[in-house]
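Architecture at a glance
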Amino acid sequence: MQFISIFTWEPGKTGEVREARAAEKIPDGVRVINEWVDLVGNTVFRLIETDDPAALLMISSPWGDLGYKEVHPVMEAKEALKLLKG
């Protein structure tokens, strides 16, 4: 299953976020599909794929002291439309 992870931090913590990101270890069972950085703010968007709830928890939990993180299950719109049409 795919998830979009949105992480936002306070401007004064940019250095700490950079250090944490450089040291980050992606857990087994998680594939990072892509990652985007908001060019005018302090937000990173990451599309990940995993079927392992423990791995999702491991990649979603860190950094809580540096900012705010949201994780949402997602799928491509065309796939969702096919499912909704039944």
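Preceding this paragraph is the structure being described.
The text that follows walks through the structure, step by step, so that each part is easy to find.

**Quick look at the pairing of strand β3 (residues 43-49)**
- Of all seven residues in β3, five are buried, a share of seventy percent or more.
- Pairing of strand β1 (residues 2-9) with β3 involves seven bridges; the strand directions are antiparallel. Note on β3: the bridge partner recorded for Ile-4 is Leu-47.
- Note: strand β2 (residues 31-37) against β3, six bridges, orientation antiparallel. Directly across from Glu-35, in β3, lies its bridge partner Arg-46.
- Hairpin geometry of β2 and β3 is characterised by an intervening segment of five residues between the two adjacent antiparallel strands.

**Focus: the pattern of salt bridges**
- According to the stated counting rule, one finds six salt bridges in the structure shown.
- Among the ionic pairs, Arg-21 bridges to Glu-24, the shortest N-O distance being 3.5 Å.
- A relative accessible area of 35% means that Arg-21 is categorised as partly exposed.
- Of the residues examined, Glu-24 reaches a relative accessible area of 18% and is grouped as buried.
- Across the pair Glu-35 and Arg-21 runs a salt bridge whose closest N-O atoms are separated by 2.9 Å. Of this pair, Glu-35 sits in strand β2 while Arg-21 is found in helix α1 (residues 14-23), placing the two residues 14 residues apart along the sequence.

**Quick look at the side chain of Thr-43**
- As for its placement among the helices and strands, Thr-43 is situated in strand β3.
- Of note is the side chain of Thr-43, whose polar atom sits 3.2 Å from the side chain of Thr-8.
- Once you skip the residues sitting within four places of it in the chain, Thr-43 turns out to touch Ile-6, Phe-7, Thr-8, Trp-9, Trp-36, Val-37 and Asp-38.

**A few points about unusual backbone geometry**
- With a phi close to 75 degrees, Trp-63 is a non-glycine residue in the positive phi region.
- With respect to the element layout, Trp-63 can be found in the loop between α2 (53-60) and β4 (67-74).
- Residue Trp-63 is classed as buried on the basis of its relative accessible area of 16%.

**Quick notes on the side chain of Arg-46**
- Positionally, Arg-46 belongs in strand β3.
- Of the polar contacts made by the side chain of Arg-46, one reaches the side chain of Glu-24; its length is 2.8 Å.
- Among the polar contacts made by the side chain of Arg-46, one reaches the side chain of Glu-35 at a distance of 3.0 Å.
- Beyond its immediate stretch of four places on either side in the chain, Arg-46 contacts Phe-3, Ile-4, Ser-5, Arg-21, Glu-24, Ile-26, Val-32, Asn-34, Glu-35 and Ile-59.

Each value, and the rule that gives it
Residues numbered from 1 in each chain as written. Predicted model: local features only at pLDDT ≥ 70, side-chain atom pairs only at ≥ 80, totals over all residues. Heavy atoms only, no water. Buried < 20%, exposed > 50% of the residue type's maximum accessible area, 1.4 Å probe, protein only. Helix = DSSP H or I, 4+ residues; strand = E, 2+ residues; numbered from the N terminus. Pairing = 2+ DSSP bridges. Salt bridge = Lys/Arg side-chain N within 4 Å of Asp/Glu carboxyl O. Polar contact = N/O pair within 3.5 Å; in protein donor to acceptor, adjacent residues only side chain to side chain. Contact = heavy atoms within 4.5 Å.

The analysis is restricted to geometry; functional conclusions fall outside its scope.
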